[in-house]
Amino acid sequence: MSISCCIRLIFTLFMVLYSYPECGRALEAPNDIFILAGQSNMAGRGGVRHGKWDGNVPPECRPNPSILRLNPQLQWEVAHEPLHTGIGPPKSQGVGPGLAFANEVRAKGSMSLVVGLVPCAVGGTKISAWARGTSLYTELVRRTNASLSLGGGGRLRAILWYQGESDTVRYEDAKAYKDNMEKLIIDLRSDLGHPTLLFIQVALGSGEGKFIETVRRGQLEICRLPNVKCVDARGLRLEPDKLHLTTIAQVHLAHKLAAVFLAAHQSCTMKTHTPFDLH
């Protein structure tokens, strides 16, 4: 190999390590762990047109060596868009709210050193598909427990939930949404051993059918439960399919989710002097 080739190779390796310092050292286990669950708008379809992602990653969604994701092999890796790659059936993934949420929490909060994101969302799923005993429920619990067992003493901070579009098609599904969601929250808190686990859900801004308001009403009523919060997706810009949030809309949603989480964290800290110690 010529001297010039060696110099180019060394320079390339230097730039990789400079741009991605995690390549040169072992990853630290997350301190704060968040579950991302629901259907396609949580999985992320921002920038997806005609089945292909445009590859646009805004600054708010760029990778950070202190933001990790639990990959399909149950290992921590540096998170990058599309965050849900490899999770669920093969579909075109785009930008979701997860990475922008984590970046905002680290920028505005004071407690996060390393954030762990556990993607679990699967597109096109009704709330009934997430009931205890289903494959989606079992996988969510499995991945959550795995994230907590990988060392580092990470704490489960919240479940971020964005789902319900598929329940707007049939009135029976829309009407039953509130009861099904309440049971899901109760079951997950029980099976994860966190009786007051924070749930932050997104109230629909779009849907596959005409019963959006029925589902929204149930979602807003659920927020009366202890430690269940809500952010509203209504008014956020949609892709041409009129169902999925655009990339920029996902960033706006992520900032809303982060603001709600940080406010809840601050409130809990003031009351207990121990931030979300739910063990």
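Our subject is the structure that appears above.
Source: prediction; values computed, not measured.

When you look at the overall build of the protein in this model, what are you seeing that I'm missing?
Of the regular secondary structure elements, the protein holds seven helices and nine strands. For the protein, buried positions account for 50% of its 279 residues. Taking contacts inside the protein between residues at least 6 apart in sequence as the whole, the part at least 24 apart equals 76%. Roughly 12,900 Å² of accessible area belongs to the protein as shown, and the carbon and sulfur atoms make up 57% of that amount.

Help me understand the nonpolar core in this model?
Side chains that are nonpolar tend, in soluble globular proteins, to be buried together. By size, the foremost hydrophobic cluster in this structure holds 72 residues, and its most contacted members are Phe 101, Met 181 and Phe 261. No other element matches helix 7 (residues 247-272), which puts nine residues into this core.

Honestly, the side chain of Gln 250 in this entry has me stumped. Any pointers?
Residue position: Gln 250 is located in helix 7. Engagement of the side chain of Gln 250 in a polar contact is seen with the backbone oxygen of Asn 41, the distance being 2.8 Å.

Would you take a moment to explain the environment of Thr 246 for this structure?
Its place among the elements puts Thr 246 in the loop between strand 9 (228-232) and helix 7. Exposure remark for Thr 246: the relative accessible area of 11% places this residue in the buried category. Along the chain, Thr 246 and Val 95 lie 151 residues apart, while their C-alpha atoms are 8.1 Å from each other. At 3.1 Å, the side chain of Thr 246 and the backbone nitrogen of Ala 249 are in polar contact.

Would you take a moment to explain unusual backbone geometry for this structure?
Negative phi values dominate among residues other than glycine, just as trans dominates among peptide bonds. Note the cis peptide between Glu 81 and Pro 82, where omega equals -10 degrees. Topologically, Pro 82 is positioned in the loop between strand 5 (76-78) and helix 3 (98-108). A positive phi angle, close to 60 degrees, is found at Asn 227, a residue other than glycine. Tracing the chain through its elements places Asn 227 in the loop between helix 6 (212-222) and strand 9. Take Asn 227: its relative accessible area is 25%, and that puts it in the partly exposed class.

Please clarify how the packing of aromatic side chains should be interpreted in this entry.
For any pair of aromatic rings, the description rests on two quantities: the centre-to-centre distance and the angle between the ring planes. For the structure shown, the criterion picks out five aromatic pairs. Taken together, a centroid distance of 4.9 Å and an interplanar angle of 85 degrees make the contact between Phe 34 and Phe 261 edge-to-face. Taken together, the positions of Phe 34 in strand 1 (residues 32-38) and Phe 261 in helix 7 put the pair 227 residues apart, joining distant regions of the chain. Overall, Phe 261 belongs to the buried group, its relative accessible area being 0%. Ring geometry for Phe 101 versus Phe 261: centroids 6.3 Å apart, planes at 65 degrees, classification edge-to-face. Taken together, the positions of Phe 101 in helix 3 and Phe 261 in helix 7 put the pair 160 residues apart, joining distant regions of the chain. The two residues Phe 101 and Phe 261 agree in class, both being buried. Grouped by ring-pair contacts, the aromatic residues Phe 34, Phe 101 and Phe 261 constitute a single cluster.

Quick question: what am I supposed to make of the state of the cysteines here?
Each disulfide consists of a covalent bond between the sulfur atoms of two cysteine residues. Summed over all chains, the structure comprises zero disulfides. Here Cys 223 is not cross-linked by a disulfide; its sulfur's nearest cysteine counterpart is in Cys 230, at 3.8 Å. Given the relative accessible area of 21%, Cys 223 is considered partly exposed.

Just to check I follow, could you spell out helix 5 (residues 171-191) for this structure?
Helical geometry: 3.6 residues make up each α-helical turn, so side chains three or four residues apart lie on a common side. An ideal rise of 1.5 Å per residue puts 30 Å on 21 residues; helix 5 measures up with 30 Å between its terminal C-alpha atoms. The axis of helix 5 is deflected most strongly, by about 50 degrees, at Tyr 177. If you follow the buried residues of helix 5, they end up packed against helix 4 (135-149), strand 7 (155-162), strand 8 (198-203), helix 6 and strand 9. Directly beyond the C-terminal end of helix 5, a positive phi value near 70 degrees is found at Gly 193.

The rules behind these values
- Residues numbered from 1 in each chain as written.
- Predicted model: local features only at pLDDT ≥ 70, side-chain atom pairs only at ≥ 80, totals over all residues.
- Heavy atoms only, no water.
- Helix = DSSP H or I, 4+ residues; strand = E, 2+ residues; numbered from the N terminus.
- Buried < 20%, exposed > 50% of the residue type's maximum accessible area, 1.4 Å probe, protein only.
- Contact = heavy atoms within 4.5 Å.
- Areas by Shrake-Rupley, 256 points an atom, 1.4 Å probe, with all protein chains shown as cover.
- Core = buried A, V, L, I, M, F, W, Y, C linked by side-chain atoms within 4.5 Å.
- Polar contact = N/O pair within 3.5 Å; in protein donor to acceptor, adjacent residues only side chain to side chain.
- Phe/Tyr/Trp six-rings, centres within 6.5 Å; stacked < 30°, edge-to-face > 60°.
- Disulfide = S-S within 2.5 Å.
- Expected span 1.5 Å × (residues − 1).
- Bend = angle between axes of the 7 residues up to and from the residue.

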